[in-house]
Amino acid sequence: MGIFSLMTGMPGRSGFGSASTAEQVTEGIDASNLTAIVTGGASGIGAETVRVLALRGARVIIGARNIDAANEVKQQILNENGAAQVDALKLDLCSLKSVRAFADNFNALNAPLNILINNAGIMFCPYSLSEDGIETQFATNHLGHFLLTNLLLDKMKSTARATGIEGRIVNLSSIAHVHTYEEGIRFDRLNDQAGYSDKRAYGQSKLANILHAKELTRRLKDEGANVTANSVHPGLIMTNLMRHSAFLMKVLKVFTYVLWKNVPQGAATTCYAALHPGLKGVSGKYFLDCNEMQPSALATDEKLAKKLWDYSNKLVNQAQQN
């Protein structure tokens, strides 16, 4: 799966490649007995992921900061597919309080939970801190999803036990995880403005997504839970995620146009990891173009993954006490 495969869309070992769409990789799959949460499902590849999961019969809950946009997506899907089961709940991943409220609201539905897709994200933002005092890209892309996953994990485990169906957690990472700070995660200087780089801070948060799935896999396996956790790189797609660097990305796209995907292609790897029967029992892996890929050395560092888990727990606990 090199640059040639990316440019040509040639399928990899899975039978799919960069040109495959979310509909193609889920063709023939019946998800009518599944319930899924998709964060950031109100736009871009998140909205396409919601549409295709619903098309395959799943009940889908959109977690979104902009609830009006989420309801618009819901209506568009219902217009196309009257049998779709889609709901929307407010979720701002930059606020740990909002994450807790979302989890409470979801649990109040008394619904099962088979699939959690940690899709929402922000990219290349100017330096700022979240309401919990945490660097915003790390807070939104990693820490909010870390807490959300922990709050929903018991529900996922109990659903898997009750149904015998494997639960799946999918973290949206990025190839940008290779472009992070030298030490990988700036544990001692996470919130420092000095030395802040919008690109490296983004890479740091995407590295954290892979490490989170890796350490979560270890813990789930240790307790024998029937739940997997994988991370994916969706590919280069022009979406709202690019709003802080739109001009730069448009210039870049002129010179690298063969590497870019459309939104249906961008949602393919997420939907593949969430639904494809070929990934049963596969956990702790990183996928690109619906094929397993080797991430960076930092992303496979088990000690770093454990350290990040403990650090994330500490940040969450500190925020709750404030």
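Quick caveat, the model's predicted, so the values are computed rather than measured. (Residues numbered from 1 in each chain as written. Predicted model: local features only at pLDDT ≥ 70, side-chain atom pairs only at ≥ 80, totals over all residues. Heavy atoms only, no water.)

### Here's the deal with the overall build of the chain
Looking only at helices and strands, the chain features 11 helices and 10 strands. Across the 322 residues that make up the chain, the buried fraction comes to 56%. If you take every contact in the chain between residues at least 6 apart in sequence, the share linking residues at least 24 apart comes to 77%. (Helix = DSSP H or I, 4+ residues; strand = E, 2+ residues; numbered from the N terminus. Buried < 20%, exposed > 50% of the residue type's maximum accessible area, 1.4 Å probe, protein only. Contact = heavy atoms within 4.5 Å.)

### Observations concerning the pairing of strand 1 (residues 35-39)
Extensive coverage of strand 1 is indicated by the burial of five of its five residues. The alternating pattern of strand 1 places Thr35, Ile37 and Thr39 on one face and Ala36 and Val38 on the opposite face, and all of these are buried. Of the crossover connections in this fold, the one passing from strand 1 over helix 3 (residues 44-55) to the parallel strand 2 (residues 59-64) is right-handed. Across three bridges, strand 1 lies against strand 4 (residues 115-118) in parallel orientation. Following the sheet pairing, Val38 is matched in strand 4 by Ile117. (Right-handed = clockwise from strand over helix to strand, strands pointing away. Pairing = 2+ DSSP bridges.)

### Structural notes on the environment of Tyr272
As for its placement among the helices and strands, Tyr272 is situated in helix 10 (residues 268-275). Accessibility expressed as a relative area gives 6% for Tyr272, which makes it buried. Placed 40 residues apart in sequence, Tyr272 and Val232 show a C-alpha to C-alpha distance of 9.7 Å. Once you skip the residues sitting within four places of it in the chain, Tyr272 turns out to touch Ser14, Phe16, Val25, Arg168, Leu279, Phe287 and Cys290.

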